[in-house]
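# Descriptive analysis of the structure
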Amino acid sequence: MATPENIVVGSHVWVEDANLAWIDGQVTRVNGHEIHVQTTNGKSVVTDISKAFPKDTEAPPGGVDDMTKLAYLHEPGVLHNLAARYELNEIYTYTGNILIAVNPFQRLPHLYDSHMMEQYKGAAFGELSPHVFAVADASYRAMMNEGKSNSILVSGESGAGKTETTKMLMRYLAYLGGRSGVEGRTVEQQVLESNPVLEAFGNAKTVRNNNSSRFGKFVELQFDKNGKISGAAVRTYLLERSRVCQVSDPERNYHCFYLLCAAPLEVREKYKLGNPESFHYLNQSKCVKLDGIDDGEEYLATRRAMDVVGIMEEEQDAIFRVVAAVLHLGNIEFAKGPEIDSSVIKDEKSRYHLNTTAELLKCDVKSLENALIKRVMVTPEEVITRTLDPVTATVGKDALAKTIYSRLFDWLVDKINMSIGQDHNSKSIIGVLDIYGFESFKFNSFEQFCINFTNEKLQQHFNQHVFKMEQEEYTREQINWSYIEFVDNQDVLDLIEKKPGGIIALLDEACMFPKSTHETFAQKLYQTFKNNKRFIKPKLSRTSFTIAHYAGEVTYQADQFLDKNKDYVVAEHQDLLTASKCPFVAGLFPPLPEESSKSSKFSSIGSRFKLQLQSLMETLSSTEPHYIRCVKPNSVLKPAIFENFNILNQLRCGGVLEAIRISCAGYPTRRTFYDFLLRFGVLAPEVLDGNYEDKVGCQMILDKMGLKGYQVGKTKIFLRAGQMAELDTRRAEVLGNAARTIQRRARTYIARKEFISTRNAAIRLQSWCRARIASKLYEKLRQQAAAIKIQKNFRRYVARNSYKRTRSSAIILQGGLRSMAARNEFRFRKQTKAAIIVQSHLRGYLALSYYKRLQKAILVTQCGWRQKVARRELRNLKMAARETGALKEAKDKLEKRVEELTWRLQFEKQLRTNLEEEKAQEIAKLQEALKAMEMQVEEANSRVIKEREAAKKSLEEAPPVVKEVPVMVQDTEQIESLEAELENLKALLSAEKQTAEDATKASLDSEARNEELVKKLEDAEHRMTELRDSVQRLEEKLSNAESENQILRQQSLAMTPTEKTMPARAQTMILQRSPNGNTANGETKVTQDTTLGVESQQLESENTPQKSLNEKQQEYQDLLIKCISQNLGFSGGKPIAARLIYKCLLHWRSFEVEKTSIFDRIIQTIGSAIEVPDNNALAYWLSNTSTLLLLLQQTLKATGAASLTPQRRRTMSNSLFGRMSSLRASPQNAGFSFLNGRMLGRSDEVRQVEAKYPALLFKQQLTAFLEKMYGMIRDSLKKEISPLLGLCIQAPRTSRASLIKGRSNANAAGQQALIAHWQSIVKSLNSYLKTMKANYVPPFLVRKVYSQIFSFINVQLFNSLLLRRECCSFSNGEYVKAGLAEIEQWCYYATEEYAGSAWDDLKHIRQAVGFLVIHQKPKKTLEEITKDLCPALSIQQLYRISTMYWDDKYGTHTVSSDVISSMRIRMTEEANHAVSSSFLLDDDSSIPFTVDEISTSEKQLDAGELDPPELIRQNSGFSFLGQRTE
């Protein structure tokens, strides 16, 4: 990869190391073609410059997910990348479209759960982190889009995890194709359930693995045209048959032999088995037991697996009988017979095993013996029977054992395929090939030769695919690739399989000659291939040969090649087993055609192997291949151990390094224009300063560097091998010169800074000294001035003290005299005041004592009287309690008492009204009389005045003597009479006044009595409240019977022939029922006015021909359904349709009937309205359904719920006394109002109805529809924003202009364009919010919708962040943070009423993005990260973000290695404590609320008055809608 001129002093390179394979270091000296390297472990290495490879110092510390992105695609770079990712538990890595899977040897459940499968479903290949699900998804999408079958080739050595990878592939394909199989088991489950059976009969212990598959398995999943799995088949290839008879130490034979030997005692006795060491086919190896494996338990597990697969008990018994027969057959030994080239059974022990074998196979013992030691040759003249020598007989016996076992294995595979079920009409399949990998041991025999031949074939297919992918890449980028040579291994395949002259052909030829030996076969190989560069003859061996495979040279020992290749189809064996009395054994050997059964036919395992391999390659060639290379990181099978040499060997064997070699033959380094400019733009600053296109800029840089042979594609730069190192060398020079310039400037700056600092220090020292001298002089002058001031102040102080003493003495003397006089005065006043206080207290005490005695006497008198009254009342209550009878009698008495109190209250009201009227009339009469008397008095006074005036006038006019006396007498009498009359009038007036006062007094007395009566009535009302509670309890106990009686009454009404002639009053009394289902008792006391309105309606209805009750009910229901099928809108923020349905059902008493069709019709109407997914219709019916449910929640209660008492608001108007007061206010309507109150209830009373089964079922159906509509709205919004979320997680790369300094305007415009996706999401949120608000959807449901939507956004963004490394960058964190700010602003404008706490549901993505954009991550401790920065994230999530983080803006690093180590420790601890290790979030699509929660969150609803819709407004049957009901 690197030319000598590219490696200079200071270059970072990889060099070979004896312990680590490759180690990195820095070149310290270059001496011609030798370089001196200082490695990272402190060693100094001298190596040839051609053996050093350049290291990419800018590679991410966590490696890259696709190794084609490596700057240097070479062996150490690949190894280092895999090691870095394995250390972070990233076990999957791409190499183009090839997946490399490193076995972690520990459970990683978070990588394979359903959340992960959901993430990879439909994702483009390479978009998310590498995963086995991505390969499976790519094959499935290719099959669906192109209609071509696909295959997935899983390869690797034993223990690399091929079988587990195959299981994961089938799990994911079953997840995509999802079809249930037989008895509820999926096809994938059935295939996996067959694994234990196939492993028991096809797996064995090898040198490297305790459970190595010794056959190739091709699982064929068949799909129909809709992409659903329609069937499956298991195809097996290349079973290692020779292992049945020959096992090398320390390997084992197939597991089933050991399982049967460890079976329960009765099973072993049945098959006459013992220890495995006693059987020849098992004791060739010293290893008969596996550590940690109980063969007895495995036997039982295998029997259970056979039951699951569908193998019957009789078939299982026959299978294990055949297995036991193979073991006994292996113990048969032959000795030389009496004739030449003949053989006989060696001893009695061999005879016992012969008899046992015949018994188990149910064939004739003599026939079995003859088939083993004799052969029949059919010639045209005669049939010749000849005997076999012991060696030939042993070979024939082993051939029989291999044939029996091979056919048994084929039968098992066929049985499994029959159990799974195949779709022979399927046109599309996805095949998963699980086959053994390349093997190279210290001793390699015929098995390794066949296995490596298979891998050579698969490698050729792999190389062709890789080269094809390279061609497609070059064609896609429109570059010239015609001169690139394809690396092929056809020469090795020709060496092995070519006819004639190939190794297999020569081997078959040698096997056909009886005199051939392994030495003659080896010599034949040496002579034939002496000039073949792929064939090597070892120097110290005469029977070994070496083949240079693609993965390296392998030396094979040809000692047993001939024996292991022979596979006779002996006619005697065929005839013997065909004639078996066991149907199972006979079925394994069906009769052959007549011409082939007459003679023995030689068959070669190698030839058969080649034919099967050819069939497999034809199957693979007809499909589109996908490759998974499984790698075993260490030989101890433990986690966290990465053995470099072991990994490199597997990469070679798996063809990964071969694929890299193919890539290196073309253009191993590929960079997008953006990445190339970002890395190498410093080589040509003028390109960045100029306004060039990215493609032109890249070409200018390459031309300036003088590179030749590169290619410029449509989106990428393609560099030849070594050119990347040359560019990096030039870049290192430019950066080195820049660094030196920066260092020079920095040193200048530091030196000048030190000089300025020294000069400033000298100046500060001088100024300080001068300041010190000046301060001392100033201190001396200040002390002199202070001394003078002290003296002055002291003299002033002495003089002032002398004056103060004289003055204070005079003041003290004056004060003493004045105080003495004042004390005398004060003492006198104090004594006087004390005497007054004593007198007042004494008088007050005497008055208080008298008052207390009087008050005590009054209280004693009142208490005695109240006690007497209370005892009397208690006695009455006790008597009443003892007299309570049966429930029905008590109820009747209470009702009668209520009625009596009602009529008493009415009577008292009447009396009070009459009394007030009489009083008003009496007062009016008295006032009139008083006015009349006053008028009379005034008239009398006026007459007296006139008389006096007349008398005076007459006296003046009369003669003085003669007429004086008579006139005086007459006048005096008249005056006296008038005065007497005046006195009478005064007496009459006083009498009238007295009468008026008496009337007033009587009125006051009556008012007092009325107030007492009111108080008594209030007491009675309190007692009646208690009585009503008792009545209510009685009513609850009798409600069921009365509801049934009501239904019977209605049925009898409908069936009575005299219905039309029924009196109006009788019909009215039947219809009038109380809220709890009781009739109004039909009292005879109700006046004719009570039923006046009802009677008038009945009379009107009787004037027209009446329909039957059912027909009317049906007509009303039809009108209701027709009405609600329209959009009735809203009134006062409440849906009209819900209230209309509720009031109609309540009025028709549909909740209390046992059978009705109205509920089903309403449900069908709602269902048909939401069939077409329209958001407005969904929101409209969601609002109506939730409102109707809330009303039903308040109204309905389950039948017979004795403990659930109806809740009533005990207000004044609702209580008994309140109803009595209203009756007293309008006595003329008393009876009617009372019955109305009982029949219809009050508007503010929460009436509860005992619901029957149809009503409860209707409520459940409404609840289901509510949840369905809620889910449809939520899922519709999810579907709308889901494509936008894929664009919001990763910021599109900005143009090259953003790299240039000063292009802020272009960058701002780009940012504005990038945020458009987030604004589209906000627009969708606004649209749905507007629709739901317009339809008055309860805010509780709106909050739940947005809470789940925000949770969905959180899950999608966060999971994408964890699965895509390119998203875990600094700039991408800023982009997502800006988008989240748009969401936060929407929450603010939507208000908490509708948005609720939805913003908190984004906590995971908010904290993750906050972690991405913080600076100085290496300084953060794990405690700060987990508690302060990201408290909501788990350790697994933090670990993944920390290891995937990369800064594409400032080049900062992730958290420190100590924090990473601490995270790893915490993850291990959590795994040990069975804490879930899944780092992906789950999207909860459940319904997050119940009807009770809705009713709790919303205020209590009142159906209220309803303006009927136009359709039913004129119908008299809906006149009740105007009434206020609950």
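Calculation criteria
- Residues numbered from 1 in each chain as written.
- Predicted model: local features only at pLDDT ≥ 70, side-chain atom pairs only at ≥ 80, totals over all residues.
- Heavy atoms only, no water.
- Helix = DSSP H or I, 4+ residues; strand = E, 2+ residues; numbered from the N terminus.
- Buried < 20%, exposed > 50% of the residue type's maximum accessible area, 1.4 Å probe, protein only.
- Contact = heavy atoms within 4.5 Å.
- Areas by Shrake-Rupley, 256 points an atom, 1.4 Å probe, with all protein chains shown as cover.
- Polar contact = N/O pair within 3.5 Å; in protein donor to acceptor, adjacent residues only side chain to side chain.
- Pairing = 2+ DSSP bridges.
- Core = buried A, V, L, I, M, F, W, Y, C linked by side-chain atoms within 4.5 Å.
- Axes fitted to C-alpha atoms, helices over the stretch in contact; angles between N-to-C directions.
- Left-handed = near helix turned anticlockwise from the far one by under 90°.
- Nonpolar A, V, L, I, M, F, W, Y, C, P; charged D, E, K, R; others polar.
- Phe/Tyr/Trp six-rings, centres within 6.5 Å; stacked < 30°, edge-to-face > 60°.
- Parallel < 35°, antiparallel > 145°, perpendicular 65-115°, else oblique.
- pLDDT = per-residue confidence, 0-100.
- Salt bridge = Lys/Arg side-chain N within 4 Å of Asp/Glu carboxyl O.

### Structural notes on the overall build of the protein
- On a plain count of helices and strands, the protein comes out with 48 helices and 28 strands.
- Per-residue burial for the protein yields a buried fraction of 46% across its 1526 residues.
- Put simply, of all contacts in the protein between residues at least 6 apart along the chain, 73% involve residues at least 24 apart.
- Here the protein displays about 79,700 Å² of accessible surface, and carbon together with sulfur accounts for 54% of that area.

### Side note on the environment of Q1319
- Note that Q1319 resides in helix 40 (residues 1316-1334).
- For Q1319, a relative accessible area of 33% translates into the label partly exposed.
- Residues Q1319 and E1382 lie 63 residues apart in sequence; the distance between their C-alpha atoms is 7.1 Å.

### Examining the side chain of D423
- Residue placement: D423 occurs in the loop between helix 13 (390-420) and strand 17 (428-434).
- A polar atom in the side chain of D423 sits 2.6 Å from the side chain of S230.
- In this structure the side chain of D423 is engaged in a polar contact, spanning 3.2 Å, whose partner is the backbone nitrogen of N425.
- Those residues within four positions of D423 in sequence are excluded, and the remaining contacts are Q222, S230 and G231.

### Here we look at the sheet that holds strand 19 (residues 544-549)
- One open sheet holds the three strands; their spatial order is 18-19-20, and the pairing between them is antiparallel. Every other strand in the sheet has two partners, leaving strand 18 (535-536) and strand 20 (552-557) as the edge strands with one partner each.
- Where strand 19 lies against strand 20, six bridges are found, and the strand directions are antiparallel. For S544, the partnering residue across the bridge sits in strand 20 and is Q557.

### Observations regarding unusual backbone geometry
- In this structure, the amide linkage connecting D249 to the following residue, P250, adopts the cis form with an omega of 5°.
- The topology assignment puts P250 in the loop between strand 12 (229-237) and helix 7 (255-261).
- The step from K499 to P500 runs through a cis peptide bond, and the omega angle for that step is -20°.
- Relative to the assigned elements, P500 resides in the loop between helix 15 (490-497) and helix 16 (503-512).
- Within the chain, K272 stands out as a residue other than glycine whose phi angle is a positive 55°.
- Secondary-structure assignment places K272 in the loop between helix 8 (265-271) and helix 9 (295-309).
- You will see that A640, though not glycine, has its phi angle at about 65°, which is positive.
- Mapping A640 onto the fold places it in the loop between strand 21 (624-631) and helix 22 (644-653).

### Some words on the nonpolar core
- Of all hydrophobic cores here, the largest spans 258 residues; its most connected members are F201, F257 and Y1346.
- For F257, the residues in contact, after removing those within four places along its chain, are V244, L282, V323, V326, L327 and Y405.
- Judged by nonpolar contacts, the second largest core, of 51 residues, contains L507, A510, Y526 and A558.

### Points about the packing of helix 35 (residues 1175-1195) against helix 38 (residues 1253-1288)
- At a minimum axis separation of 9 Å, helix 35 and helix 38 run at an interaxial angle of 145°. In the packing of helix 35 onto helix 38, the handedness of the crossing is left-handed. Between helix 35 and helix 38, the residues in contact are N1175, L1178, A1179, W1181, L1182, T1185, S1186, L1188, L1189, L1192 and Q1193 and F1258, K1259, L1262, T1263, L1266, M1269, Y1270, M1272, I1273 and S1276, respectively.
- Residues of the contact of helix 35 with helix 38, tallied by class, amount to 14 nonpolar, six polar and one charged.

### Considering the pairing of strand 17
- Within strand 17, seven of the seven residues are buried, leaving the element largely enclosed by the surrounding structure.
- Neither face of strand 17 is exposed, since S428, I430, V432 and D434 on one face and I429, G431 and L433 on the opposite face are all buried.
- As judged from the five bridges shared by strand 8 (residues 150-155) and strand 17, these two strands associate in the parallel manner. The residue bridging S151 from the neighbouring strand is G431, located in strand 17.

### Here's the deal with the packing of aromatic side chains
- The final tally for this structure, using the stated rule, is 37 aromatic pairs.
- Between F133 and Y172, the aromatic rings sit 5.0 Å apart at their centres with planes inclined by 20°, giving stacked as the arrangement. In this pair, F133 sits in helix 3 (residues 132-146) while Y172 sits in helix 4 (residues 162-177), placing the two residues 39 residues apart along the sequence. Residue F133 shares its accessibility class with Y172, and that shared class is buried.

### Considerations on the pairing of strand 21
- Burial analysis of strand 21 places eight of its eight residues in the buried class, the great majority of the element.
- By the alternation rule, side chains of strand 21 split into E624, H626, I628 and C630 and P625, Y627, R629 and V631, which are all buried.
- Here strand 7 (residues 98-102) runs beside strand 21; their pairing, made up of five bridges, is parallel. Bridge assignment links V102 to a residue of strand 21, and that residue is V631.
- As judged from the six bridges shared by strand 8 and strand 21, these two strands associate in the parallel manner. Opposite S151, over in strand 21, you have P625 as the bridge partner.

### A closer look at the packing of helix 9 against helix 10 (residues 313-330)
- Helix 10 packs onto helix 9 with a crossing angle of 135° between their chain directions and a minimal axis gap of 10 Å. Taken together, the axes of helix 9 and helix 10 are oblique relative to one another. Regarding helix 9 and helix 10, the two cross each other, and that crossing is right-handed. Packed against helix 9, whose contacting residues are Y299, R303, M306 and D307, the element helix 10 presents E313, Q316, I319 and F320 at the interface.
- Each residue belonging to the contact of helix 9 with helix 10 can be placed in one class, and the counts come to four nonpolar, one polar and three charged.

### A look at the side chain of D24
- Mapped onto the elements of the fold, D24 is located in strand 2 (residues 21-31).
- In this structure the side chain of D24 is engaged in a polar contact, spanning 2.6 Å, whose partner is the side chain of K55.
- Leave out the neighbours within four places in its chain, and D24 touches V13, W14, T39, T40 and K55.

### Quick look at the environment of A84
- Here A84 shows up in helix 1 (residues 75-87).
- On the basis of relative accessibility, which here comes to 10%, the residue A84 falls in the buried class.
- Not counting residues up to four positions away in its chain, the partners in contact with A84 are P61, G62 and G63.

### Section: the confidence of the model for the protein
- For the protein, per-residue confidence averages 80 on the pLDDT scale, and 84% of positions sit at 70 or higher.
- Contacts for the low-pLDDT stretch residues 1200-1245, under 50 throughout, to residues beyond four places or in other chains number 93 contacts.
- In the model, residues 1295-1307 has pLDDT below 50 throughout and makes 16 contacts with residues more than four positions away in sequence or in other chains.

### Overview of the pattern of salt bridges
- Counting across every chain of the model gives 35 salt bridges.
- Note that K346 and E333 form a salt bridge whose closest N and O atoms lie 3.2 Å from each other. Placement of the pair is K346 in the loop between strand 14 (343-345) and helix 11 (348-361) and E333 in the loop between helix 10 and strand 13 (334-336), with a sequence separation of 13 residues.
- One salt-bridge network, held together by shared partners, links R214, E240, R243, E251 and E439.

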